[in-house]
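Coordinate analysis (summary)
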Amino acid sequence: MTLDSTPGTDVVLSVRDLSVVYDGADPVRAVRGVSFDLARGEVLGIAGESGCGKSTLAYAVTRLLKPPGRVASGQVLFRPADGPPVDLSTLHGEALRRFRWNRVAMVFQGAMNALNPVLSVRRQLADVFTAHRPELRRAEREDRCRELLDLVGIGPERLSSYPHELSGGMRQRVLIAMAMALRPDVVVMDEPTTALDVVVQRDILTEIDRLRARFGFAVVFITHDLSLLLEISDRLAVMYGGRIVEYGRAADLHTAAHHPYTVGLLRSFPRLRGERTVLHGIPGSPPDLSRPPAGCAFTARCPYAFDDCHHTDPALLTAHTTGPTTRAACLHYDPAVRPDGPPEALHAGRFDPDPGPAPSTGGAGR
Amino acid sequence: MSILTVSHLSKHFPLRDGRHRRTLRAVDDVSFELRSGQTVALVGESGSGKSTIARMLVRLTRPTAGEIRLDGTPVATGRRAVRRYRRDVQMVFQDPFASLNPAHTVEYHLRRPLRLHGVASGTADVRAAVHDLLTRVNLTPADQVARRLPHELSGGQRQRVAIARALAPRPRILLADEPVSMLDVSIRLEILNLVDRLKREEELAVLYVTHDLATARYFASSIMVLYRGQVVESGPSDEVILRPAHPYTQLLASAAPDPGSPRTAAPGGMRALRGGQQPATGSGGCLFRDRCPAAMDVCRTEVPEFPVAAGHMARCWLRQP
């Protein structure tokens, strides 16, 4: 199973059948056979709830996974513009050190905790250069640090500040500046705006977009906020239970979601301005990945589940209903199992085949 | 028909800033009403004072000024009076991981308010009441859930326990302070739908404190927008969200993700605050004027509430008739 992006696009990162396990008495299979391609300069959104494996995936891709986590199988291939492809799992020691942050950088979750509270912003930014550009002289390092802060709209006087003296939004900007330091090809962002107020979040997103236009790096943007991803990503992967269950262009997903989980997730966000519709969320809770179910991980919460779902793990197949770009891991889209295609209600984007009444207080009824 | 009336509520915190003394006006002259069977949303960014308002309403924080009346009666002071008041006014907190005691079972958490407020007494009565509460919040089989410890429950289940606990004294007013912001997206609507159903079935008056405009519009009949302790706009939900009158509400609405409809650009020149400090705007005058692209000289003077439409007001000089 491969997941090629549009033919002819310039791929910077290919992930193939990647599985990650957290070892222990009950090993947790946090990521199970994930594949995707990241095109140069694109924004790939990865959506999913807590425990779906999205952060683990980010750590595996950046080679930042720590024991007991380990890559159990699969491959992460980095394709530089100026050289042969590199298999990240083969990198060790100096080669790995040279790769990390130079090629793939990361913006971590929780701006509050990712910075060292006892070091000034200057020390933390300069650290990147000391480690990766040892040839720079002190004055040059200082200049680069100033440039970096300027890049994200922070005045140079903040170099001497400590993290606690900065607002949440500013700390997040410092983290983004740090990721930009070595002009990477790929920036992995793990919930970069989750803890921020909407207005600040919007500012940070604009900033990221501006920097991306300027430097041309690709972004893997990980968040639980599907409505945000639909807006900012070129392509989108929805994860559930350690797997990608739906993958496609964000615009296509927006018009037609295929996997029942994606459909349910989309129905979990009330529209800010649109019509008031009946919304339900998804009953139940995610699976325990130390005992992954034999079949589809979503079966227990899925209103469309049938017998086969309990024992057949669906492959990520082209969902023929819209076009060639969307793929869904759901037996309803497997022509071998369901030659007639998905049920009408699912096709129409309804999560609940039998919806109940809308909230009574809604302004629509007044 | 119960009414909680809040008039001119203020909370000022003294700040010591080196040798200077300043006052943080966390909540400044806020007035509103909560009525049975209605949800009012209190919307604002972090630090806007929305949690402080909720805490004052449930008497966890003492107001600096202003009055809270329940069915026309001012809330008295003293332990007994406060306990009596809390029978009627209950709160659901933001973090279900912190609001339940990890050492006690679900049953213990529900038994206490039942006994304390004299809703049930005697082992059999209390057990039946616990069972009933758990069933009402869809935690079934209730007998099994009752024996569990918080760590054995998911976040959504824990929040249901917190809601059941708030319902235990049979309150008439329910204050929900960001009840779903710590939960997974797919779980959130279920919890909010539950609160909505309980509101209808039990004629509760609900205050929904949130930073999320979309769920505020979806679940509340009216919305109050809070900015630095002041209500800058209030009115029917659709009015406030679809036709925001205050530049701050416009900014909030334009910043919220909404893939469902085209983005209305934020009014020119508006931006989030850079830096950790509040702007230097002193008391008096519009608190938003430092960020507002439409700021005028008159904004330095105290802004009254101007009517925008029926039941819809904005605290902005642009709306001066």
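Counting of residues starts from 1 at the beginning of each chain's written sequence and follows it residue by residue. The naming scheme follows written order: chains are lettered A onward, ligands numbered 1 onward. Selection of residues for local features in this predicted model requires a pLDDT of at least 70, selection of side-chain atom pairs for listing and counting requires 80 or more, and totals for whole chains, interfaces and linings are taken over all residues. Side-chain figures throughout are based on the complete set of non-hydrogen atoms in the structure, without hydrogens or water.

This paragraph deals with the overall build of chain B. Counting from the N terminus, the helices are DSSP H or I runs at least four residues long and the strands are E runs at least two residues long. Within chain B, the secondary structure is distributed over 10 helices and 12 strands. Radius of gyration here is computed from C-alpha atoms only, and the compact-globule reference equals 2.2 Å multiplied by the residue count raised to the power 0.38. Taking 2.2 N^0.38 as the reference for a compact globule, 321 residues should give roughly 20 Å; the C-alpha atoms of chain B span a radius of gyration of 21 Å, in line with that estimate. Seen along its three principal axes, the alpha-carbon backbone of chain B occupies a region of about 70 × 45 × 45 Å. Accessible area is worked out with a 1.4 Å probe on protein chains only. A residue is then buried under 20% of its type maximum, exposed over 50%, and partly exposed in between. Counting only residues that meet the buried cut, chain B has 54% of its 321 residues in that class. Only heavy atoms matter for contacts: two residues are in contact if any of them lie within 4.5 Å across the pair. In chain B, of all internal contacts separated by at least 6 residues, the share reaching a separation of at least 24 is 63%. Of the roughly 14100 Å² of accessible surface on chain B, 48% is carried by carbon and sulfur atoms. Think of it this way: Lys and Arg go in the positive column, Asp and Glu in the negative one, and His and the chain ends go nowhere. A single reference atom marks each charge: NZ on Lys, CZ on Arg, CG on Asp, CD on Glu. Of note, chain B has its 45 positive side-chain charges centred 7 Å away from the centre of its 31 negative side-chain charges. Note that accessible areas follow from Shrake-Rupley with a 1.4 Å probe, and for residues the cover is restricted to the protein chains shown.

With that settled, consider the sheet that holds strand β9 (residues 235–240) of chain A. Residue and element names in this part refer to chain A. The strand order β6-β7-β8-β3-β9-β10-β12-β11 describes an open sheet built from 8 strands, whose pairing is mixed. Among the strands making up the open sheet, the edge pair consists of β6 (104–107) and β11 (317–318). Pairing of strand β10 (residues 243–249) with strand β12 (residues 327–328) involves 2 bridges; the strand directions are antiparallel. Among the inter-strand pairings, Glu-246 is bridged to a residue of β12, identified as Ala-328. A pair of strands counts as paired when DSSP detects no fewer than two bridges linking them.

Right, let's talk about a nonpolar patch on the surface for a bit. On the surface, Met-296, Val-298 and Leu-318 of chain B cluster together into a nonpolar patch covering about 230 Å² of accessible area. Among the structural elements, Met-296 of chain B can be located in the loop between α10 (247–255) and β11 (306–309). Only residues above 30% relative accessible area that lack a salt bridge enter a patch, with like-charged residues linked at up to 9 Å and the nonpolar side chains Val, Leu, Ile, Met, Phe, Trp and Tyr linked at up to 5 Å. Salt bridges are identified by distance alone: a Lys or Arg side-chain nitrogen within 4 Å of an Asp or Glu carboxyl oxygen.

If you look at the interface, chain A gives 48 residues, while chain B gives 49 residues. The buried area of a pairing is the accessible area, by a 1.4 Å probe, that goes missing from both parts when the two are put together, added over both. Carbon and sulfur atoms supply 52% of the area buried between chain A and chain B, which totals about 4200 Å² over both sides. The tally of links between chain A and chain B comes to 0 salt bridges. For the purposes of these results, a polar contact is taken to be a pair of N or O atoms within 3.5 Å, where, inside protein, one atom must be able to donate a hydrogen and its partner to accept one; residues adjacent in sequence count only when each atom of the pair is a side-chain atom. Here chain A and chain B share 10 residue pairs in polar contact (both at pLDDT 80 or more) between them. Looking at the side of chain A that touches chain B, the elements with two or more residues in it are α6 (168–180), α7 (198–215) and α8 (226–232) of chain A. Tallying contributions element by element places α7 of chain A first for the side of chain A that touches chain B, with 7 residues. Throughout, the ten residues Ala, Val, Leu, Ile, Met, Phe, Trp, Tyr, Cys and Pro are labelled nonpolar, Asp, Glu, Lys and Arg are labelled charged, and all others, Gly among them, are labelled polar. For the side of chain A that touches chain B, a count of residues per class yields 16 nonpolar, 17 polar and 15 charged.

Turning our attention to the side chain of His-117 of chain B. Mapped onto the secondary structure, His-117 of chain B falls in the loop between α3 (106–116) and α4 (123–136). In contact with His-117 of chain B, other than residues within four places in its own chain, are Arg-83, Arg-86, Arg-87, Gln-90 and Pro-169 of chain B.

By themselves, these are just geometric observations and shouldn't be taken as functional.
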